[in-house]
Amino acid sequence: MVEAVLIDLFDLPANLLNNIQGLLCTTLKTVEKCSSIPAPFVYIMCCQRQGCETSGEQDFLLPVLGGFQSLKKRLEVVYGVTTAAVLYSIKQRLDEKDLSIIKVILPTLRKEVMKVYVDYLFTAVYQFEFEDLQVASDCESLQIGETWSEEQTLPMQDVALIQSDIRMYLESLPSLKGELTILRSFLIPDDIFLHGFTTRTGGISYIPTLSSCNLFSSSKRRDPQVVVKENLRRLAKAAGFNPETFHRVKVDHANAVCIMGKTEPDSYDGIITNQRGVTIAAPGADCIPVLFADPVRKACGAAHSGWRGTLLGVSMATVNAMVSEYGCNVKDILVVLGPSVGPCCYTLPHESAKEFHRIDPKCVRLFDSANPYIDIRKATRILLESGGILPENIQDDSVTDHNQNITFCTACHPDKFYSHFRDGNNFGTQIGFISIKD
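This section reports on the structure supplied with the text. From a predicted model like this one, the values you see are computed outputs, not experimental measurements.

**Section: the pairing of strand β2 (residues 41-47)**
Burial of β2 is extensive: seven of the seven residues sit out of reach of the surface. Here β2 shows no split at all, with F41, Y43, M45 and C47 on one side and V42, I44 and C46 on the other all buried. Inspection of the sheet shows strand β1 (residues 4-8) paired to β2 by five bridges, in the parallel sense. Considered in β2, the bridge of V5 is made with V42.

**Here we look at the sheet that holds strand β10 (residues 270-273)**
Sheet architecture is open: six strands sit in the order β9-β10-β13-β12-β14-β17, paired in mixed fashion. Unpaired on one side and paired on the other, β9 (257-259) and β17 (394-395) mark the two borders of the sheet. With two bridges joining them, strand β14 (residues 334-337) and β17 adopt parallel strand pairing. Among the inter-strand pairings, V336 is bridged to a residue of β17, identified as Q395.

**A word on the sheet that holds β2**
The pairing of strands in a sheet comes from backbone hydrogen bonds and takes either a parallel or an antiparallel form. Taking strand neighbours across the sheet as the criterion, the five strands line up as β3-β2-β1-β4-β5 in an open arrangement whose pairing is parallel. Here the strands that pair on one side only, and so sit at the sheet edges, are β3 (75-80) and β5 (127-132). For this sheet, the mean angle separating the axes of adjacent strands, direction not counted, is 20°. In the packing of helix α2 (residues 20-34) onto the sheet, the strands contacted are β1, β2, β3 and β4 (101-106), and the crossing angle to β1 comes to about 170°. Sitting on the sheet, helix α4 (residues 83-96) is in contact with β1, β2, β3 and β4, with an inclination near 160° to β2.

**What about the pattern of salt bridges?**
Summed over the entire model, instances satisfying the criterion amount to 19 salt bridges. With its nearest N and O atoms 3.3 Å apart, the salt bridge here joins E131 to K103. Of this pair, E131 sits in strand β5 while K103 sits in strand β4, and the two are 28 residues apart along the sequence. An identical accessibility class is assigned to E131 and K103; each is buried. Among the ionic pairs, R422 bridges to D423, the shortest N-O distance being 2.9 Å. For R422, a relative accessible area of 27% translates into the label partly exposed.

**Digging into the side chain of Q430**
Turning to its location among the elements, Q430 is positioned in strand β18 (residues 430-436). For Q430, the side chain forms a polar contact with the main-chain nitrogen of Y418, separated by 2.8 Å. Residues contacting Q430, with those up to four places away along its chain left out, are T198, A282, P283, G284, A285, T410, F417 and Y418.

What counts, and where the lines are drawn
Residues numbered from 1 in each chain as written. Predicted model: local features only at pLDDT ≥ 70, side-chain atom pairs only at ≥ 80, totals over all residues. Heavy atoms only, no water. Buried < 20%, exposed > 50% of the residue type's maximum accessible area, 1.4 Å probe, protein only. Helix = DSSP H or I, 4+ residues; strand = E, 2+ residues; numbered from the N terminus. Pairing = 2+ DSSP bridges. Axes fitted to C-alpha atoms, helices over the stretch in contact; angles between N-to-C directions. Contact = heavy atoms within 4.5 Å. Salt bridge = Lys/Arg side-chain N within 4 Å of Asp/Glu carboxyl O. Polar contact = N/O pair within 3.5 Å; in protein donor to acceptor, adjacent residues only side chain to side chain.

Below, the structure is given as structure tokens:
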């Protein structure tokens, strides 16, 4: 059943403007008549002319809106200067109420345009059905049917205008939760490398578990790619790298490594480069974002090391790739472990804990329990040192710096970091990034 109805009056054709009250009245009667209990939320999209107040336009609609008492608390007129502004405001209302099944009633001429906006501003979490404004006249119209899957038919220049509208609107939004913050390592020389670890502040993501500088989008989350791209643009501007030459690992929780400039694997948790001006990155939301830098051979790497990747040796796989591809000496490679879940919070089932116990019993606390506490950082350090990385070339602040410069526990610091372990499946993502300066 439909959870929300969106009525698009934003850009009505001239031949429908004179009949707007009649069209709206007919549509709302259908919604009211066919609604289940509770009725769906109804949002009416209207254009706010630049420099004009909305009250005059709203007064024009009041004679219609006042007659629908059963919808009164669930009926709202939403104004904006652009379609992107109005639709994004409505998306925020939908997300606040955790609504996902949406009927859009709109003029035929707006349908293809609206489908493009929806494609960019929403994810697969939402189901949309579209219906012509003129024919919203029976109860069948409020039964959710097939979600939209038609191919886009708008000319590319129109799609580009829509993308520009969305981009300009998102760029105009204020940062949330404070200023954008980048954590930097004392170990990596900043005259050769640009690097850092992000926190959750300074972006535009507004959903509580994703706010505010979420840097990953998926079909299972409510943050669309355009929002993540805007967060990345703000990060790139603050950090000083080009977002157009940015590459992050394609996480598989394994140990494959991508060498920039060679054929890209379908998935990989490590990435290395010796190309100047190319920024590489690894995500983390409990898993460790690990950065690698060789100031002698001027090469760098990034790896995503969760518990599976740690056991599979993804960090040493990244080191070995730097050695084989760029002639690095393992004793020159610097390694920094980023924000990640600590042994204070992280537990695994006993069977998985056994694997960490084999690396070193000190990697496991309360080993005899059903869900022992695991130290994936210690396991990573032990495997790196076993592979030839010098202990003094590994930065793990949870051991070496009691002021916790970088290696915070993500689960312990909800104000600073995202955490899958703490927040559940709709979690946000921070990253560690590095590049060789031009």
